[in-house]
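Read off the chains here:
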Amino acid sequence: MTALPIPPGAAHDERSFWTTATTIKSWLVTTDHKRIGILYFVATTSMLFLGGIFAIIIRLEHLTPGPTIVSAETYNRLFTLHGVIMVWLYMIPSIPAGFGNFLVPLQIGATEVAFPRLNLASFYVYVIGAAVVIGSLFAGGVDTGWTFYAPYSARTPATVLPTLIGIFIVGCSTILGGINFIVTIHTMRLRGLGWMRMPLFTWTIYATSIIQILATPVLGIALTVIGLDHTFDWGLFDPARGGDPVLFQHLFWFYSHPAVYIMILPAMGVVSEVIPTFAHKNPYSYRAIVYSTLGIAFVGFLTWGHHMFVAGISRFDAAAFGLLSMLVAIFSAIKVFTWVGTLFRGSIELAVPLLYVFSFFFLFTFGGMTGVAVATMSLDVHWHDTYFVVAHFHFIMVGATFTAFLSAIHYWFPKVTGRLYARKPALVGWALVTLGFLVTFTPQFLLGNGGMPRRYYDDPVGFSVLHVISTMGSWLLTLGMFVVLGVIVHGVARGAKAGPNPWHSRSFEWRTASPPPKRNFVGPIDFNIGAYAYDVADEP
Amino acid sequence: MSADSDHFESVAQRAQAVRLALGVFLASETLLFTAILALVVGYRATWPEAFAFGVHHNTKVLGSINTVVLLTSSTSLAVALEMLRTGRRRVATALTLFTAACGVAFLAIKITEYEHHFAEGIYPGGRGAFFVAHPIAGLPAFWTLYFLATGFHGVHVLAGVGAVGYRAIRMPDATEIHRFEATALYWHFVDLVWLFLWPLFYLA
Amino acid sequence: MIVLPDLARHALGLPVEATPTAASVDSLHAAVITTTLVGTACVAAVTFVFVLRYRRTREAPAATPRIVASGFREWLTASAVLALFVGFWAVGYVQYTSIERPPSGTLVVYVTAKQWMWQFTYADGRSSEDVLVVRAGTPFELVMTSRDVIHSFFVPSFRIKQDTIPGRWVTLYVDAAAPGSYPIYCAEFCGVAHSHMLGEVRVLDEADYAVWEREATHDGYAARGREVAASHGCLSCHALDGQKRAGPSFAGLYGSRVPLDDGRVVIADEAYLTHSIVDPLADRVAGYPAMMPSYHGQLSAEETGALLELIRSLRDTLPTQGRVP
């Protein structure tokens, strides 16, 4: 009988990675993927709160139809920077660079990522890019919307270049991180771990990384041209010089549609881990989830034109993009059925992470189906650029991804900190966040149905009541977020000690101490007992 | 295995990782240039006359010399790799330096071309006397895209010169040959991109 | 077709259905939203039932059965759901294309969007700002462009929207509307006063429209087009009566099939005509010399629209086959 493999580089030092070195310098120059993950987590979560502040102000402005607390110029900059910060500084990096960095080596039996120093460099590139974006606020801020449509973005009196440079730099960080994950997952799986035995969260990080490295360069070019057009009057999208503004949209959305899958796939990975653990049950179909993940990543590159149904594209193009959009939705539907099926004949424990996942089910299904609705061309003619679309993407980005992010925090809390959070306040946080989200965004579907356009500073007559309800919802959501923050801080400081595996999960990251030692594992790992082997009596 | 790579179980695994990393990076770069080419192809389809006119007025001779320079440099680097594999380090170093020199030559010729364009009154954004003399719809787009594409390519050549030059100074030994392979692969990629730009901007 | 009861329309926040197209779109909307609600409810219900039924109790089992979905069941479910979505797509496609194709004899209005107002120019030459006047029950066609940045012409009550793009003309067909006043919004962010770029579609019944028409004082937009053609030298090469000169005659040109010098045949529509004004050597008509200069940057949107209207007004003029009039 061959000996069980030991991860290369595993040491006998069992001290937690938190305590092996405690100076600030040891954190700033760390090459430990777990510390880098935590650094990313702190940075991206700070960006979440910054973007959230802008959202609060935006919603406050809509308390009355006319001017309320800011001018039109400021409002236009607020919604632009809300989008830029939330998309590029929070949503895209958060789960992959935060949780992905921490967990992927643990989930594949490795002691590090393939290129630890590149990993650290990627973090600093992110920080520099984020700093440039935030700095651009002080330069006056951009007012074009996060989509930077030409020709307005080439002509706006606002300063565009600093923000574009910041986004470009953050994009480089994304690509470097993506390369690291792809190589890590390909080359550093411990012997005995085939692709189809890998934890599902790692699969989603893999698919997300592929999208990142392929799509982000296209954004780089699109934004570079806008920067050149605006700063040096290159006129590449200026009709007077032969430019075609619609071509910008093609380039931009070729990136930005796959980008939304960068934002949802890791969240789906979290769901795929939380359900088997708390239902104590194998996934209803591991293959279905893997193939759907890859399907989303691939087909997601073919649907960008559904953002352009009224932009002046041909009938044929519109039809093709519409049909492909229906196809990509099927993969998500398969995942939802598989997740619900996993509950069948399980042994379900209503832990807080699972409650967040139930919120995810409801909000993602509803939000996803409104995606099918806006992909229906004649309906999109009415809904495009109205609050219906705003509601749709917030249902997915906040209702689904952010909810999964909160689930991930609660689920891996003991793994990272070695402690447990307090359950009752966490339940309150969950309830407030879910309810607050619903009150904020459900009225926005109705606003959109009524024809309320997005990016409007002044509200036309007849939309006030729904706006006021939505704004009140935003306060509830904010309250919930602060409760969750309190739960985390309290848990870190004073939470009860957790054992290595308080949830009795079979997944591989739980087969080492909580928190893990610096080199992740101190002994061999037996991958013969799979990550979802709940039909086995005891956890390994 | 040194402390900074003991997370690999063997040198072979590390070599595989480096090669894969470069492959993934080049996939990413391919999309970068595909985006630029999409703009070029898109505008070419809309303004065929303007593009034909622009191509006709481009510095064909210098551009073609540059093609030869890059092809030569890729050849010398490929031979250098083979020399390294068979242990002839001195020859490998010389050929690698020659490759870097070719890169410098490419950039020098490119700058000469730009000077020529400026002298003719061709600037990005359709500014300059050339456009006043030839008010053809879409002509500014041709030239602006030319500067965009060759500009991005030029930056990549510059980075390549740095990488190749660094390789020449720190020639890896037989166990680390994958580092050289990675640099060579990058340089060949930069060459390949030029083989797309050259016909689009200088030929038909 | 599902007719949406008023109560449902109010509950969903939808505005009035001022055209037959709006009513069709709302039917599809009803089907899609019902499916969404039912689907979400099913997922929620099944989850709820499973959570209750399989709740972890104190005598927690050490292991659960290993259950894997049958591939056949998965394929079946996925195919059924895909079929449903493709059904939505198909109906949506038919409705989407119907708003592009105006029947012949449609009233035309030229729309120019600019920061931050709408300008409407009618076939009779008059123009109005921000208020679009049309006759109830008559379909009309909007021929639209923008003077500066991308705007978007949006009438919620008609369920129509189309981006207006600088440097291009796009068309939108609006079928018979009921009398009333309907808001127009700009739906593409265009700067600081984007939310103030409001307008109104005033649909007048026969009598009121006749009154409005009689108030027209201009000779017509086509006459304006003739002025523009004369002052820019178009008429020296393009006759209005069918005579073949250095360039093809405008008579009978609009909407006709035009053979090009490279062998292709195209329809002389707005896109072809405006492109030819700007890049005349691109799609040259067969049998004519390559000598038309480009008017790129020399004509305003209003002048180009006037030229288009001139060419349109001559579409039923039979060419005189070379006879001198």
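Residues numbered from 1 in each chain as written. Chains lettered and ligands numbered in written order. Predicted model: local features only at pLDDT ≥ 70, side-chain atom pairs only at ≥ 80, totals over all residues.

(A) Representation of the overall build of chain B in the model. When helices and strands are counted, chain B shows seven helices and zero strands. Start at the N end of chain B and walk to the C end: the helices and strands fall as α-α-α-α-α-α-α. Counting only C-alpha atoms, chain B reaches 65 × 30 × 25 Å along its principal axes. Taken across its 204 residues, chain B has 39% of its residues classed as buried. Counted over contacts in chain B with a minimum sequence separation of 6, partners at least 24 positions apart contribute 74%. (Helix = DSSP H or I, 4+ residues; strand = E, 2+ residues; numbered from the N terminus. Buried ≥ 20, exposed ≤ 12 C-beta atoms within 10 Å, placed from the backbone. Contact = placed C-beta atoms within 7 Å.)

(B) Region of the structure containing the overall build of chain C. When helices and strands are tallied, chain C shows seven helices and twelve strands. Expected size for 325 residues packed as a compact globule is a radius of gyration near 20 Å; at 27 Å, chain C overshoots this value by more than 25%. Summarising its shape, the C-alpha atoms of chain C cover approximately 100 × 50 × 40 Å along the three principal directions. Taking the intrachain contacts of chain C between residues at least 6 apart in sequence as the baseline, contacts between residues at least 24 apart amount to 66%. (Rg over C-alpha atoms; globule rule 2.2 N^0.38 Å.)

(C) Layout of the domain arrangement of chain C. All names here are of chain C. Taken domain by domain, chain C consists of domain 1 (6-53 + 69-98), domain 2 (107-214) and domain 3 (221-313). Distance between the C-alpha centres of domain 1 and domain 2: 32 Å. Each side of the interface is counted separately: domain 1 has eight residues, and domain 2 has eleven residues. Here the side of domain 1 that touches domain 2 is composed, by residue class, of six nonpolar, two polar and no charged. (Domains from an automatic or database assignment. Nonpolar A, V, L, I, M, F, W, Y, C, P; charged D, E, K, R; others polar.)

(D) Local environment of the interface of chain C and chain A. The interface of chain C with chain A comprises 74 residues on the first partner and 75 residues on the second. Among the elements that line the side of chain C that touches chain A, the one with the most residues is helix α3 (residues 71-98) of chain C, at 14 residues. Split into classes, the residues belonging to the side of chain C that touches chain A amount to 45 nonpolar, 19 polar and ten charged.

(E) Here's a closer look at helix α7 (residues 301-313) of chain C. Residue and element names in this part refer to chain C. Taking 1.5 Å per residue, 13 residues should reach 18 Å; α7 reaches 18 Å between its end C-alpha atoms and fits that length. Of all the 13 residues making up α7, ten are buried; the element is thus mostly covered by neighbouring parts of the structure. Among all positions in α7, only Ala-301, Thr-304, Gly-305, Ala-306, Leu-307, Leu-308, Glu-309, Leu-310, Ile-311 and Arg-312 are buried. Each element contacted by the buried residues of α7 is listed here: β1 (107-114), β2 (117-122), β5 (140-146), α5 (221-231) and α6 (270-278). (Expected span 1.5 Å × (residues − 1).)

(F) Region of the structure containing the packing of helix α10 (residues 315-343) of chain A against helix α2 (residues 20-53) of chain C. Contact geometry for α10 of chain A and α2 of chain C: axes closest at 9 Å, N-to-C directions at 20 degrees. Considering the angle they form, α10 of chain A stands roughly parallel to α2 of chain C. In terms of crossing hand, the pair formed by α10 of chain A and α2 of chain C is left-handed. Touching Val-336, Val-340 and Leu-343 of chain A of α10 of chain A are Val-43, Val-46, Thr-47, Phe-50 and Val-51 of chain C, all from α2 of chain C. By residue class, the composition of the contact of α10 of chain A with α2 of chain C is seven nonpolar, one polar and no charged. (Axes fitted to C-alpha atoms, helices over the stretch in contact; angles between N-to-C directions. Parallel < 35°, antiparallel > 145°, perpendicular 65-115°, else oblique. Left-handed = near helix turned anticlockwise from the far one by under 90°.)

(G) A look at the interface of chain B and chain A. With 34 residues of chain B at the contact, the number on the chain A side is 31 residues. When residues of the side of chain B that touches chain A are traced back to their parent elements, those giving at least two are α1 (11-46) and α6 (139-169) of chain B. It is α1 of chain B that provides the largest number of residues to the side of chain B that touches chain A, a total of 19 residues. Taken together, the residues that form the side of chain B that touches chain A break down as 21 nonpolar, ten polar and three charged.

(H) Examining the packing of helix α8 (residues 245-279) of chain A against helix α11 (residues 352-375) of chain A more closely. Residues and elements named next belong to chain A. At a minimum axis distance of 10 Å, the contact between α8 and α11 shows a crossing angle of 125 degrees. When the interaxial angle is binned, α8 and α11 end up oblique. Seen along the crossing, α8 lies across α11 with a hand that is left-handed. Residues Val-271, Val-274, Ile-275 and Phe-278 of α8 form the contact with α11, whose own contacting residues are Pro-353, Leu-354, Val-357 and Phe-360. Considering only residue class, the contact of α8 with α11 consists of eight nonpolar, no polar and no charged.

(I) Local environment of the nonpolar core. Judged by nonpolar contacts, the single largest core of 322 residues is most densely connected at Val-218, Ala-222, Val-271 and Phe-360 of chain A together with Val-111 of chain C. Examining the composition of this core, we find that 22 residues originate from one element, α8 of chain A, more than from any other. (Core = buried A, V, L, I, M, F, W, Y, C linked by C-beta atoms within 7 Å.)

(J) Expanded view of the sheet that holds strand β8 (residues 170-174) of chain C. All names here are of chain C. Taken in spatial order, the five strands line up as β3-β2-β1-β5-β8 in an open sheet, and their pairing is mixed. In this open sheet, the two strands that pair with only one neighbour each are β3 (127-129) and β8. Neighbour to neighbour, the strand axes of the sheet diverge by 25 degrees on average, direction disregarded. (Pairing = 2+ DSSP bridges.)

(K) Layout of the environment of Gln-13 of chain B. Within the element layout of this structure, Gln-13 of chain B appears in helix α1. In sequence terms Gln-13 of chain B and Tyr-166 of chain B are 153 residues apart; their C-alpha atoms lie 24 Å from each other. Apart from the residues lying within four places of it in its own chain, the contact partners of Gln-13 of chain B are Thr-187 of chain A together with Phe-8 of chain B.

(L) Representation of the environment of Pro-140 of chain B within the structure. Assignment of secondary structure puts Pro-140 of chain B in helix α6. A tally of 30 C-beta atoms within 10 Å means that Pro-140 of chain B is categorised as buried. Note: C-alpha distance between Pro-140 of chain B and Val-190 of chain B (50 residues apart in sequence) is 26 Å. Setting aside residues up to four positions removed in sequence, Pro-140 of chain B forms contacts with Gly-235, Arg-241 and Gly-242 of chain A together with Gly-125, Gly-126 and Phe-131 of chain B.

(M) Representation of the pairing of β5 of chain C. Residue and element names in this part refer to chain C. Extensive coverage of β5 is indicated by the burial of six of its seven residues. Relative to β5, β1 runs parallel, the two being bridged by seven bridges. Looking across to β5, one finds that Tyr-110 is bridged to Val-143.

(N) Focus on the confidence of the model for chain C. Residues and elements named next belong to chain C. Per-chain confidence: chain C averages 87 in pLDDT, with 95% of residues scoring 70 or above. Low pLDDT, under 50, characterises residues 320-325; the stretch is placed with eight contacts to residues that sit more than four places away or in other chains. We note a pTM of 0.90 for the whole complex and an ipTM of 0.94 for its interfaces. (pLDDT = per-residue confidence, 0-100.)

(O) Structural detail: the pairing of strand β7 (residues 160-164) of chain C. Residues and elements named next belong to chain C. Along β7, five of the five residues are buried, which leaves the element largely enclosed by surrounding structure. Burial along β7 is two-sided: Ile-160, Gln-162 and Thr-164 and Lys-161 and Asp-163, pointing in opposite directions, are all buried. Pairing between strand β6 (residues 151-155) and β7: five bridges, direction antiparallel. Paired with Phe-153 across the strands is Gln-162, a residue of β7. Counting the residues between successive antiparallel strands, the hairpin from β6 to β7 contains four residues, one of them, Arg-159, with a positive phi of roughly 60 degrees.

(P) Fine view of the sheet that holds β6 of chain C. All names here are of chain C. Within the open sheet, the five strands sit side by side as β4-β10-β9-β6-β7. Their pairing is mixed. Here the strands that pair on one side only, and so sit at the sheet edges, are β4 (131-135) and β7. Each adjacent strand pair in this sheet contributes to an overall mean axis angle of 20 degrees, direction not counted. Pairing analysis gives five bridges linking strand β9 (residues 180-186) to strand β10 (residues 199-204), with the strands arranged antiparallel. Residue Ile-184 lies in a different strand from β10, and its bridge partner there is Gly-199.

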